[in-house]
Amino acid sequence: MPNWNQPLSRLPDATDVLVVGSGPAGSAAARVLAQAGRSVVLVDAQTFPRDKTCGDGLVPDTHAALRRLGVIDEVLQRAQGAAAARCLAPNGRHVDVAGELAVLPRRELDALLCRAAVDAGALHAAPARFVAPLRGDSGHVTGALLDDGHTQRPLTARWLVLATGAGTGPLAALGLCQRKSPSCMAIRGYVRHTDPDMAAAVGGLRFVWHPTLRDGYGWIFEGPDHTYNLGTGVLVGQLDEDRGKPPRNLRRMFDDFVAIDPVAARLVREGTMVGELKGAPLRCDLEGATWTAPGVLVVGDAVGATYSFSGEGIGKAMETGIAAAQALIAHPDDAAAVEAAYRASLQALKPRFDMYRQAASFNRHPWLLNIMVWRANQSPRILAKLSDILNERRLPGSLLTWRGVRSMLLP
Ligand SMILES: Cc1cc2nc3c(=O)[nH]c(=O)nc-3n(C[C@H](O)[C@H](O)[C@H](O)COP(=O)(O)OP(=O)(O)OC[C@H]3O[C@@H](n4cnc5c(N)ncnc54)[C@H](O)[C@@H]3O)c2cc1C
């Protein structure tokens, strides 16, 4: 495999675009830029393939971005497909909402995306940690100081695309961090269970709402090779009313999930745990960071591109990476126009993020799911609306709000 994890010493002194972070956001940006003939260096602090704490669920917006990048077939060949999201209400009833869904561990997905960027012509160097920006006389960013654990070296670039995920160190080093605390936190583990009836019991991508898991939900996603990703998250962490409250204990929330969901309990009792339980932060709502600065575009979790209702962010990470690349391609000689075009594409996404933030009420008031599941099982119209929301053919405001709940109760 050429150019895979090149040492820092092998990189050129200068490049057109330096993309920092080889997760979905960074690799998507690097692939699109390289396909357009731009010289791109992609760097990551970790050697690939690497693990990333995640639910591994590929929801419809992720499928759309993978299709746009031309890697959907390769991903789906390896992923475990699913036909529906099974939503369980606190009263134990469920509804299956149809959607384009799959599950692939991030170790594999991210390696595949990074390789796709390299295949398109990007240079990938790892380990290569972003330490600090390089700045020109006017203060605009002109590259970065990188560190491979032994030595540090500068790399100059006309543009820096920052795709470093939910950690705030690089954002702060650039002076672009507006809020250090994460929006949400989630924890996950892998369990292997080979009984064929387990897959049927899980029902594809299983989402469980319950008062014990208030402010979030539990999930079990069936992945490849009879391995299930299960976890819980606190997904309304930054709402105003939460300020000043002590943080939830995620490990206890995970144990509560296993106690209240019989399928999770059976999985943990009979299956084999693979690796450790791991928690990680999420940054949501396109908030908490300055989106652009002279010479810099911020993409993915770093710019808050995860939905706070669901904690899903892989698809939007790639979308923002692609949008940044398109802004750079469209305005090769006009830096102000690049920033303006990228900001406009995030602004166009913002109302959707705001609606998902409102929809987080469902996590705060899980009994609302009793109504939703009851009505969706009675009404093909409501079930179709839910499927449209999942597949991003419709904004969530028509159902996942108080007004939406009122409309569900009307005949
Ligand atoms: C427990 C949990 C479950 C989740 N489940 C789902 C799910 O099922 N579906 C979904 O769509 N989303 C899910 N998400 C959200 C999803 O993980 C993120 O939205 C997504 O990873 C964002 O991609 P990214 O490319 O922006 O960042 P990341 O995937 O975090 O990639 C950032 C990269 O930057 C590198 N990096 C960091 N700092 C530096 C530095 N200083 N120098 C160089 N490189 C650096 C890191 O090593 C990493 O490789 C979940 C999140 C959590 C925490």
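Throughout this document, residue positions are counted from 1 along each chain, in the order its sequence is written. In keeping with the predicted nature of the model, local features appear solely for residues at pLDDT of at least 70, side-chain atom pairs appear and are counted solely at 80 or more, and the whole-chain, interface and lining totals rest on all residues. The side-chain values count all of the structure's non-hydrogen atoms but skip hydrogen atoms and water molecules.

J.: I'd love a proper account of the site of the ligand, names of residues and values included.
T.: In this text, near means that some heavy atom of the residue lies within 4 Å of the molecule or strand in question. Around the ligand, 37 residues are found, and the nearest of them are Asp44, Gly55, Arg106, Phe130 and Asp301. Between an oxygen atom of the ligand and a side-chain N or O atom of Gln46, the distance comes to 3.2 Å. By the criterion applied in these results, polar contacts are pairs of N or O atoms within 3.5 Å in which, for protein atoms, one can donate a hydrogen and the other can accept it, and in which residues neighboring in sequence qualify only through two side-chain atoms. With respect to the ligand, the side chain of Arg106 contributes an N or O atom lying 2.7 Å from an oxygen atom. Those elements that place two or more of their residues in the shell around the ligand are α1 (24-35), β7 (129-135), β12 (216-222), β14 (272-282) and α9 (314-330). Classifying every residue of the shell around the ligand gives 17 nonpolar, 12 polar and eight charged. Labels follow the DSSP assignment, with helices taken as runs of H or I lasting at least four residues and strands as runs of E lasting at least two, numbered in each case from the N terminus. Three residue categories are used. Nonpolar comprises Ala, Val, Leu, Ile, Met, Phe, Trp, Tyr, Cys and Pro, charged comprises Asp, Glu, Lys and Arg, and polar comprises the others, including Gly.

J.: Let's hear about the nonpolar core: which residues, and what values?
T.: Residues belong to a common nonpolar core when they are buried Ala, Val, Leu, Ile, Met, Phe, Trp, Tyr or Cys residues joined through side-chain atoms within 4.5 Å. Each residue is assigned to one of three classes by its accessible area relative to the maximum for its type, calculated with a 1.4 Å probe on protein chains only: buried under 20%, partly exposed between the two thresholds, exposed over 50%. Ranked by size, the top nonpolar core spans 114 residues in total, and within it Leu18, Val43, Leu66, Tyr342 and Leu400 carry the most contacts. A per-element tally of this core places α9 first, with nine residues. One finds Ile220, Phe257, Val263 and Leu277 within the second-largest nonpolar core, a separate group that totals 20 residues.

J.: Please set out the packing of helix α12 (residues 368-378) against helix α13 (residues 380-390) residue by residue, giving values where relevant.
T.: Each pair of packed helices gets described by two things: the angle between the helix axes and the distance between those axes. Across the interface, α12 lies against α13 with an axial gap of 5 Å and an inter-helix angle of 115°. Judged by the sense of rotation from one axis to the other, the crossing of α12 with α13 is left-handed. Counted together, Met372, Arg375, Ala376 and Gln378 of α12 and Pro380, Ile382, Leu383 and Leu386 of α13 form the full contact between these two elements. Axis lines are fitted to C-alpha atoms, over the contacting stretch for helices. Their N-to-C directions set the angle, which ranges from 0 to 180 degrees. Note: crossing handedness is left-handed where the near helix turns anticlockwise from the far helix by less than a right angle, and right-handed where it turns clockwise. The criterion used for residue contact is that any of the two residues' heavy atoms lie within 4.5 Å.

J.: Give me the packing of aromatic side chains: which residues, what numbers.
T.: Each Phe, Tyr or Trp ring, with Trp reduced to its six-membered ring, pairs with another whose centre is within 6.5 Å; inter-plane angles below 30 degrees give stacked pairs, above 60 give edge-to-face pairs, and intermediate values give tilted ones. Applying the stated criterion across every chain yields a total of 10 aromatic pairs. Following the ring pairs from residue to residue traces out a cluster consisting of Phe207, Trp209, Tyr217, Trp219, Phe221, Tyr307, Phe309, Phe353 and Tyr356.

J.: An account of the pattern of salt bridges is needed here, citing residue identities and associated values.
T.: Here a salt bridge means any side-chain nitrogen of Lys or Arg lying within 4 Å of a carboxyl oxygen belonging to Asp or Glu. All chains considered together, the criterion is met by 31 salt bridges. In this structure, Arg38 and Asp16 form a salt bridge, with 2.5 Å as the shortest nitrogen-oxygen distance. Note that Arg38 is positioned in the loop between α1 and β2 (40-43) and Asp16 in strand β1 (residues 14-20), a separation of 22 residues in sequence. With respect to class, Arg38 is no different from Asp16; both count as buried. The closest approach of N and O atoms between Glu287 and Lys350, which form a salt bridge, is 3.1 Å. Here Glu287 is found in the loop between β14 and β15 (292-293), whereas its partner Lys350 is found in helix α10 (residues 335-359), with 63 residues between them in sequence. Here Lys350 falls in the buried class, since its relative accessible area comes to 12%.

What is shown is where atoms sit, not what they do.
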